[in-house]
Amino acid sequence: MIVFENNLPGPQAGARYVMISGGALNREVLGRPADFRPSGLVLNGPPGSALRRLRNGLFQMSGETHRRHRRLMRPSFSTTSVGSTIPSMAPLIDRIIDRWKIGETLDVLQEMRTLSNWVAAKVLFGSEDFEASLHVGSLIDRLASLDAKRRRWGMLEFNLPGTPYRRELQHAELLEKTMLDLIEQKRRSGSLGDDVLSLLIRAKDSGSGMSDSDLVAHSVALYGASFETTASAIAWTLFLVAQHPKFAIRLLDELNDGLDAWPPDPRKLEELPLLDAAVMESMRVLPPVPVTLRRVVGHVELEGVKLEPGNKIIFSQFPTHRDPEVFPEPERFDPSRWLRRRPDPYEYIPFSVGPRVCLGAFFAVTEIKLSVARILQKYRLTVVPGTKIDPVLDFVLKPQGGLPMTIHAQDRAFTRSPVTGNIGQAVDLVSPEIEPIAAGVHTPSARREEERAPVEA
């Protein structure tokens, strides 16, 4: 545990931060939501602004309000509900990858962003209009980019013409209006379906106490989180599989033996241990959200350190996922480790854990598995040799400048490509790859950690 203060000038000057990692400290903080409240990486706007309203979604709620709103959303993310979305997701995946041509080079990250954008629009908003879904996604993406730029410039409170802050405030107004128009359009058309937004509209209109502002904030938060993080996770998984040819062949054999229909039966998708292991290991070494914040609410003590209200807790998936006592040879991409044993839930936290575990974790993992499985069965991807790959944190962890890969027919001739950049500091791509061991009893990765979590205090 590391304790430090922000000595830089500005609104956060003098703020005290505590950096933690490891299962024990994660359990202390994430298991006590009443003492440690979410404090997101995004910045609030001034009172009464659209930006402030957009930030007041589920992720920022606490106590009874959080529990009530979460209960309203939970049915849409149950195992059964997510399984029922597979027939909708499958053709969207095909429509994206069927555009690919053998021999061409594509930015796989951008392709997966397009795919995840469309899937999010379909499942969360029930949108059939591809261009409209891209527009909504681009607005949310633009808001995140403006927020990141505001942080880099350090202009936190200067609402002046031409500043990142002014542009972010104006963009938030546009995004809020777009979402309110979408909600009103669904109401007028009578086209409320089984998507998440329709469910929330019904709950709001039936007297749940939820406002239209809540609908917008929840929708933007869910859409942005599912869209960006899932795209990044798919791209990183495809990269890591491509760079480990022996494992790629074993995984392809499993997919060809286990998936005999498309769209697959949800139970079939859960019976693919190597696919599950590949996704779990990818999110271990390159977690889509590598840093999370919590705000101290009262006077508490953490490992003998006295904390006061307003102190911030920073916990990073990187050191937690690289504890050599939990994950031997932690820099190695070794999916076989997931076939031997499963760590404690607080030792592996790509979707957080505890009472506030990510509501859409099972949905995200299902989309990642479907996408990786379908792409690998149809194509062999190779990273363009010499590509500079630098993982950077810009709302999510992603390869700076994209991920160029060449499309081949699936001929099983997997080859590792030489790459440059700081990716080598995150993943060992030099040592010989580890042969996966024979699959044993399989425990599905995302089978509702939330169902085993305690109720939020």
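All values reported here derive from a predicted model rather than from experimental measurement.

For the rest of this paragraph, the subject is the overall build of the protein chain. Across its full length, the protein chain holds 18 helices and 12 strands. Within the protein chain, buried positions represent 54% of all 457 residues. In the protein chain, of all internal contacts separated by at least 6 residues, the share reaching a separation of at least 24 is 75%. Carbon and sulfur atoms provide 53% of the accessible area of the protein chain, an area that totals close to 19,000 Å².

Evaluation of the coordinates by the stated rule reveals 29 salt bridges. One salt bridge connects Asp212 with Lys204, and the closest N-O pair in it is separated by 3.6 Å. With a relative accessible area of 25%, Lys204 lands in the partly exposed category. One network of salt bridges, in which partners are shared, links Glu184, Arg187, Lys204, Asp205 and Asp212.

Before going further, it helps to examine the side chain of Ser198. Looking at the secondary structure, you find Ser198 in helix α9 (residues 196-205). Polar side-chain contacts of Ser198 include one of 3.5 Å to the side chain of Lys186.

So, about unusual backbone geometry. Cis geometry marks the peptide bond from Trp262 to Pro263, where omega comes out at 0°. Mapped onto the secondary structure, Pro263 falls in the loop between α11 (245-258) and α12 (266-269). At Ser352, a position not held by glycine, the phi torsion is positive, near 65°. Structurally, Ser352 can be placed in the loop between α15 (337-340) and α16 (361-378). Its identity as a non-glycine residue notwithstanding, Arg412 has a phi of 70°, on the positive side. Mapped onto the secondary structure, Arg412 falls in the loop between β12 (404-409) and α17 (423-426).

Among the structural elements, Glu433 can be located in the loop between α17 and α18 (449-452). Lacking a salt bridge, the buried Glu433 has Arg416 as its closest oppositely charged neighbour, with an N-O distance of 4.5 Å. A polar contact is formed between the side chain of Glu433 and the backbone nitrogen of Phe247, at a distance of 3.1 Å. The contact partners of Glu433, leaving out residues within four places of it in the chain, are His244, Pro245, Lys246, Phe247, Arg332 and Arg416.

Our next topic: the packing of helix α10 (residues 212-242) against α16. Axis separation between α10 and α16 bottoms out at 10 Å; the angle between their running directions is 40°. With respect to each other, α10 and α16 are oriented oblique. With respect to the hand of their crossing, α10 and α16 are arranged in right-handed fashion. Contacts between α10 and α16 pair Ser226, Thr230, Ala233, Ile234, Thr237 and Leu238 from the former with Phe363, Ala364, Glu367, Ile368, Ser371, Val372 and Ile375 from the latter.

Further remarks concern the pairing of β12. On a regular strand, each side chain points to the face opposite its neighbour's, so the side chains alternate between the two faces of the sheet. Bridge analysis of strand β4 (residues 105-107) against β12 gives three bridges, and the strand direction is antiparallel. Directly across from Asp107, in β12, lies its bridge partner Pro404. Bridge analysis of strand β9 (residues 379-383) against β12 gives five bridges, and the strand direction is antiparallel. In the strand pairing of β12, Thr382 is matched with Thr406.

Applying the stated criterion across every chain yields a total of seven aromatic pairs. A connected cluster of aromatic rings, assembled from ring pairs, spans Phe327, Trp338 and Tyr348. Directly above the ring of Phe327 sits Arg284, whose terminal nitrogen or CZ lies 5.2 Å from the centroid.

With that out of the way, let us pick up the sheet that holds β4. Here we have three strands laid out as an open sheet, ordered β4-β12-β9, and antiparallel in their pairing. Taken across any chain shown, the strands that pair with only one partner, and hence form the sheet edges, are β4 and β9. Put simply, the sheet's adjacent strands are angled 40° from each other on average, direction ignored.

When two helices pack together, you describe them by how their axes are tilted relative to each other and by the distance separating the axes. Viewed as axis vectors pointing N to C, helix α8 (residues 164-189) and α9 meet at an angle of 75°, and their least axial separation amounts to 11 Å. With respect to α9, the element α8 is oriented roughly perpendicular. Across the interface between the two elements, Leu182, Ile183, Lys186 and Arg187 from α8 touch Leu197, Ser198, Ile201, Lys204 and Asp205 from α9. In terms of residue class, the contact of α8 with α9 is made up of four nonpolar, one polar and four charged.

With five of its five residues buried, strand β8 (residues 312-316) lies for the most part within the structure. Side chains Lys312, Ile314 and Ser316 project from β8 onto one buried face, and the interleaved Ile313 and Phe315 project onto a second face that is buried too. Examined bridge by bridge, strand β2 (residues 16-20) and β8 share four bridges and lie parallel to one another. Counted as the bridge partner of Met19 is Ile314 from β8. Sheet topology note: the strand β5 (residues 291-296)/β8 ladder contains five bridges and is antiparallel. Bridge assignment links Thr292 to a residue of β8, and that residue is Phe315.

On to the environment of Ser76, then. In this fold, Ser76 is placed in the loop between α3 (63-73) and α4 (79-84). Residue classification places Ser76 among the buried residues on the basis of a relative accessible area of 14%. Placed 123 residues apart in sequence, Ser76 and Leu199 show a C-alpha to C-alpha distance of 8.0 Å. With sequence-adjacent residues up to four places away left out, Ser76 is seen in contact with Ser81, Val82, Val196 and Leu199.

The rules we used
Residues numbered from 1 in each chain as written. Predicted model: local features only at pLDDT ≥ 70, side-chain atom pairs only at ≥ 80, totals over all residues. Heavy atoms only, no water. Helix = DSSP H or I, 4+ residues; strand = E, 2+ residues; numbered from the N terminus. Buried < 20%, exposed > 50% of the residue type's maximum accessible area, 1.4 Å probe, protein only. Contact = heavy atoms within 4.5 Å. Areas by Shrake-Rupley, 256 points an atom, 1.4 Å probe, with all protein chains shown as cover. Salt bridge = Lys/Arg side-chain N within 4 Å of Asp/Glu carboxyl O. Polar contact = N/O pair within 3.5 Å; in protein donor to acceptor, adjacent residues only side chain to side chain. Lys, Arg positive; Asp, Glu negative; His and termini not counted. Axes fitted to C-alpha atoms, helices over the stretch in contact; angles between N-to-C directions. Parallel < 35°, antiparallel > 145°, perpendicular 65-115°, else oblique. Left-handed = near helix turned anticlockwise from the far one by under 90°. Pairing = 2+ DSSP bridges. Phe/Tyr/Trp six-rings, centres within 6.5 Å; stacked < 30°, edge-to-face > 60°. Lys NZ or Arg CZ within 6 Å of the ring centre and 35° of its normal. Nonpolar A, V, L, I, M, F, W, Y, C, P; charged D, E, K, R; others polar.

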